[in-house]
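Architecture at a glance
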Amino acid sequence: ARSNDISGSIAALGAADLSHGWRAAAAARLRSGSGSAPAPLDGGGPTANQFSLSVAGVLIGAGLLGLPYAMGQSGWGGLLIIVAATLATCTTAKQLIWSFDTVNERWALSGEGRPVRSYDELATAVGGPLAGAAVRLLLVVECFGAMVSFIVLHISSWPVVLAGLLPSDSKVLVAVALCLAVAPTTLLRPAHLSVFAPVGLFASLVLFSAALVTPLVEEGSPVEEGSPCPALGDGGGTAAMRHDVFNPQGLGVSVGVVLFCFAGHSTFPDLYQQMPASERAHFSSAFDRGFAIAGVAYLLFAAAGYSSFGSCSAGAVTFNLMHANSAVGRAAAVSVLVSTFTIIPIQFYVVYRILSEIQFYSRRASPD
């Protein structure tokens, strides 16, 4: 079925006059890694299972904190939004990789151009140099912005989590310590970053457990139906506790928060290119598993958080958890910080790759 998909894509690109034998030969070159970007030697990159964990680890991050709030805006109908977003983003992620294979197969057959390995190279192959430059700019802004957001999250959160253990004005100290901790991880290639995936997933599991345990061990949590929401320091505290089946007025906010949870497409091509040649044939099922893990985690966490805190869910559920139980809330906050820490080097690699390629081609274009 996969070969038929590739053959059909080639036909759409105007290669219908090529024989099936040539198509099969090109497809074989792609599967072996010789017809596309160089693949790591077998054993030198992540397996399909490790790739699945990396995909899930990239997806399950800080966005998890806002899912109960998204449910608070749209009601229980928000679960359908999560299901739809999981299916849609998984499909588009695989279609983008299939686009890579199609363009690379055309290159393998014609020998014209160069193989593509990333979104910006795909944009260049399809839309020309201007399109490639635009996508490079967007990728750098997206990934660099994500790194900055995670770093700011750490700098503002650790003094609160470790209150009493750190000086009152410790943001500079936290910033220096964070940079020293992140620096060694930025030297790793995506082929080796898969080791962080289980750590990030375990951290998310701790956060999930905290959301489940808090209502069971704390009196007054969850808030009774119809009671005023507590002040949590996030600007809320005036609405009444309720659980809606569906609230169309909050649909826009809910969709936006849910889709943010699935951000991470920009890192998938770089992760895919690090897969050994023998594992690339399984990337579609690996994507399915990774998105399934993320989707199930999102559904369970959103349902548990909304069941406990309803319309009183804060923009970040850690506010609810710390209000209910300081110790559990701090454990949840630490898990989020650990999870985001494992994503920073993956985002950094995309920025580093693009800037390195720009420098490389600038040197080639400049006169000796």
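Quick note: structure is the one above.
Nothing here was measured: the structure is a model prediction, and the numbers come from that model.

With that out of the way, let us pick up the side chain of serine 308. Mapped onto the elements, serine 308 comes out in helix H14 (residues 283-309). For serine 308, a relative accessible area of 8% corresponds to the buried category. A distance of 3.1 Å separates the side chain of serine 308 from the backbone oxygen of alanine 304, its partner in a polar contact.

When two helices pack together, you describe them by how their axes are tilted relative to each other and by the distance separating the axes. Direction vectors running N to C along helix H5 (residues 78-110) and H14 enclose 160 degrees, while the axes themselves pass 10 Å from each other. For the element pair H5 / H14, the angle class is roughly antiparallel. The chirality of how H5 crosses H14 is right-handed. Taken together, the residues of H14 that come into contact with H5 (itself represented by Leu79, Ile82, Val83, Thr86, Thr89, Cys90, Ala93, Lys94, Ile97, Trp98 and Asp101) are Phe283, Ser284, Phe287, Asp288, Phe291, Gly295, Tyr298, Leu299, Ala302 and Ala303. Looking at the contact of H5 with H14 residue by residue, the classes come out as 14 nonpolar, four polar and three charged.

A separate point is the state of the cysteines. With the rule as written, the count across this model stands at one disulfide. Covalently, cysteine 229 is tied to cysteine 312 through a disulfide, its sulfur atoms 1.9 Å apart. For the disulfide bridge between cysteine 229 and cysteine 312, the dihedral angle about the S-S bond is near -80 degrees, and by the sign convention the bridge is left-handed. With cysteine 229 in the loop between helix H10 (197-217) and helix H11 (251-261) and cysteine 312 in the loop between H14 and helix H15 (317-324), the pair connects residues that are 83 residues apart, well separated along the chain. Cysteine 229 gets classed as buried once you look at its relative accessible area, which sits at 7%.

Conventions and cut-offs
Residues numbered from 1 in each chain as written. Predicted model: local features only at pLDDT ≥ 70, side-chain atom pairs only at ≥ 80, totals over all residues. Heavy atoms only, no water. Helix = DSSP H or I, 4+ residues; strand = E, 2+ residues; numbered from the N terminus. Buried < 20%, exposed > 50% of the residue type's maximum accessible area, 1.4 Å probe, protein only. Polar contact = N/O pair within 3.5 Å; in protein donor to acceptor, adjacent residues only side chain to side chain. Axes fitted to C-alpha atoms, helices over the stretch in contact; angles between N-to-C directions. Parallel < 35°, antiparallel > 145°, perpendicular 65-115°, else oblique. Left-handed = near helix turned anticlockwise from the far one by under 90°. Contact = heavy atoms within 4.5 Å. Nonpolar A, V, L, I, M, F, W, Y, C, P; charged D, E, K, R; others polar. Disulfide = S-S within 2.5 Å.

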